[in-house]
Amino acid sequence: MTTLHNNSIIRNAIIDTYSRWTALSATRSGSPLKSRKDIYSLLMKVDFAEILVISRQITKVEFNNWHKKSAITMNKNQPSMPIGWTTKLINVYLKTMVYVGQLGGNELIMHIHPPIDKGLLSGLQEKFQNDKSILEIINFNTLIKDIKSYNDYVKIIEVMELIAKRENCMLIEVEQFWKGTEFKEYKGW
C-alpha cells in the first residue's frame, strides 16, 4: 500500500524542478539557446518568489509590471534571447507552477499569460478564422523570434485577453486552442 506524502516542501521542490524542465523543453524548436545551463541560469535571474508568495495578494497591474521587468532582465542578461523567447520561458514556467501545480496565491492564476508560440497562434487562427475583429488586430503568422519588444508582446496578450473574455475563461486557458501536439490519431482522454 502506498502512502501519500503530504510534505509541501517536497511537493513544491518537485513542482519547481518540473516547471524548470518544462521551460527548458519549450526551447527545443527554434530557441537561440537550448542548453540546460543557459536556460536554467536565465530562469534563476527571475525572482519568481516575488509573485508566488501565497500570503500576498497580487493585482493584474503588479503582475504585468513584474512580468515585463523579468522578461526584459532576462533579455538584457542574454541578448540572444529576444523578448518573445524570454516571455515564453516565464510563461511556461508559471503555467506549470501555478496552473498545473496550483502554487501561488488564489488570484495569481487569473493573471498568468499563455506561452505564445506558433502552436497557439495556429489554433487561434483556426478557431477565429471568420472573426474579422480578431484577425484585424493580430498577425497569426508571427514567430516567437520576431517578438523583439515588450510592447509587441503586450499587443498579442491584449488579443489573448479579448479571446479569454469571449470564451469565458482565464487568460491562461486560451491555451486550450494550442495545436503544438496535434496528432491525427490522438482523440484525447
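These notes cover the structure that comes with them. Worth saying up front: this structure is predicted, and the values here are computed from it rather than measured.

**Quick look at the environment of L52**
Along the chain, the position of L52 falls in helix α3 (residues 49-52). Taking relative accessible area as the criterion, L52 reaches 14% and is therefore assigned buried. As a C-alpha pair, L52 and H111 span 59 residues in sequence and 12 Å in three-dimensional space. Other than its neighbours up to four places away in sequence, L52 contacts M97, V98, L103, G104, G105 and L108.

**Focus on helix α8 (residues 150-167)**
Between its first and last C-alpha atoms α8 spans 25 Å; for 18 residues at 1.5 Å apiece the expected length is 26 Å, and the two agree. Within α8 the residues assigned to the buried category are Y150, Y153, I156, I157, V159, M160, I163 and A164. Structurally, α8 contributes buried residues whose contacts are with α4 (60-77), α5 (83-100), α6 (118-127) and α7 (132-135). N168 occupies a position one or two residues after α8 and carries a positive phi of about 55 degrees.

**What about the pattern of salt bridges?**
Within this structure, the stated rule accounts for eight salt bridges. Ionic pairing is found between K88 and D117, a salt bridge with its closest N-O pair at 3.1 Å. One end of the pair, K88, is in helix α5; the other, D117, is in the loop between α5 and α6, with 29 residues separating them in the sequence. Residue K88 is classed as buried on the basis of its relative accessible area, which comes to 9%. A residue is classified by how much of its surface remains accessible, and D117, at 12% relative accessible area, is buried. A salt bridge links K145 to D146; the shortest N-O distance between them is 3.8 Å.

Cut-offs and rules
- Residues numbered from 1 in each chain as written.
- Predicted model: local features only at pLDDT ≥ 70, side-chain atom pairs only at ≥ 80, totals over all residues.
- Heavy atoms only, no water.
- Helix = DSSP H or I, 4+ residues; strand = E, 2+ residues; numbered from the N terminus.
- Buried < 20%, exposed > 50% of the residue type's maximum accessible area, 1.4 Å probe, protein only.
- Contact = heavy atoms within 4.5 Å.
- Expected span 1.5 Å × (residues − 1).
- Salt bridge = Lys/Arg side-chain N within 4 Å of Asp/Glu carboxyl O.

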